[in-house]
Amino acid sequence: MSVIIPTILFFVGLVCVIKGADWLTDGAANIAEMYGIPTIVVGLTIVAVGSSAPEFVVSVVSAINGNNDMAIGNVVGSNIFNILGIIGLTALVRPIQAERANIRYDIPFMVLANVVVAITMYDTLLDPDNATADNISRTDGLLMLCMFAIFMSYTMSIANNASKQQGVAQQTATSEGTEISQTKSGKGLWKSTALVVVGLAVLVFGGDWLVDGASGIASVIGISDSIIALTIVSAGTSAPELAASVIAAKKGDTAMAVGNIVGSVVFNVFFVLGTSATITPLGVGNITPFDIYTLLGSSVLMWVLCRFGKTRFTLTRFEGLIMVLLVIAYYAVLVFRA
């Protein structure tokens, strides 16, 4: 079997997943604008979820197809790339000035999410006598979804408080009964709804093609699906987060870049992995403790550098370079392992 066809399928699927997420997010944001939903709420919910839609589609499709390595490896690999790769590259563009809330609440919650992954994946660490415990069960998945609901409630409460303080114009228009028929982008309700529907369809089909292509590549070149998921697939599905964070850094809004990554990591664990495990229990497969230690170490490293680094509450370009070199070293180990 030639590697050409799976490779073409993979890249076509990747393009579809990224564009589908883009259309879905734009359409949903336009509809939210029409109905007077505050911009900050849109940013913390629709945009955050939209940028993580590729990971969601790939992992859920993989879970349905019984490909545990792809379902788990995509989440673990994406989170490692988000933290070390994207945050590191963003810091190289512009030093990241984190807010106190990021240091005290957001980043520690991200660390907690990754700890939950480690505990649920390797239950034998807590129960050595249970030889079949190393899997993410439906119960684990449901608990993750409950934690996601708690995180979203916390996020929404912050958003609502911020929108009240800012006196968002849309809220005023809504309270006065003003109906917005067209958004700033010039798209009406029907066009925005079409974007949502088409974007969702492209996402689903693209995710299916991406998974099939990635599995085909792994089969042809003789390496496991987990290696492909931890590297090519995870980096590819993280493209929206990379673009959003780098653009935010160029505009000087580095706090937004941090919030984007923290939200994506939490969403990947609690919603993506939680939904996938609820659909079908996920065996650990070829995901190794080294991958999990790298995930935990990267999140702790980010918090330590932001909290106790050379410049307090700031991630410098040098520290960003260290993070980028670490993710490159991790990929080198994976290639050697393969």
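Up top is the structure.
Keep in mind the model is a prediction, meaning the values are calculated, not measured.

A. Up close: the nonpolar core. Of all hydrophobic cores here, the largest spans 56 residues; its most connected members are Met-121 and Met-302. If we ignore the near neighbours within four places in the chain, the residues touching Met-302 are Ile-83, Ile-87, Ile-107, Met-110, Val-258 and Met-323. Counting residues in hydrophobic clusters, the runner-up holds 19 residues, among them Ala-53, Leu-203, Ala-229 and Val-233.

B. Representation of helix H4 (residues 68-93) in the model. The end-to-end C-alpha distance of H4, which contains 26 residues, comes to 36 Å, matching closely the 38 Å that a straight helix rising 1.5 Å per residue would cover. The sharpest bend along H4 reaches about 35° and sits at Asn-82. Most of H4 sits inside the fold, with 22 of its 26 residues counted as buried.

C. Representation of the environment of Val-60 within the structure. Position of Val-60 among the secondary structure elements: in helix H3 (residues 53-64). Each C-alpha atom, one on Val-60 and one on Thr-280, is 9.5 Å from the other, the two residues being 220 residues apart in sequence. Apart from the residues lying within four places of it in its own chain, the contact partners of Val-60 are Thr-275, Ser-276 and Ile-279.

D. Summary view of the side chain of Thr-231. Its place among the elements puts Thr-231 in helix H9 (residues 225-237). At a separation of 2.6 Å, a polar atom in the side chain of Thr-231 contacts the main-chain carbonyl oxygen of Ile-227.

Scoring rules and cut-offs
- Residues numbered from 1 in each chain as written.
- Predicted model: local features only at pLDDT ≥ 70, side-chain atom pairs only at ≥ 80, totals over all residues.
- Heavy atoms only, no water.
- Core = buried A, V, L, I, M, F, W, Y, C linked by side-chain atoms within 4.5 Å.
- Buried < 20%, exposed > 50% of the residue type's maximum accessible area, 1.4 Å probe, protein only.
- Contact = heavy atoms within 4.5 Å.
- Helix = DSSP H or I, 4+ residues; strand = E, 2+ residues; numbered from the N terminus.
- Expected span 1.5 Å × (residues − 1).
- Bend = angle between axes of the 7 residues up to and from the residue.
- Polar contact = N/O pair within 3.5 Å; in protein donor to acceptor, adjacent residues only side chain to side chain.

No statement about biological role is implied by the geometric values presented.
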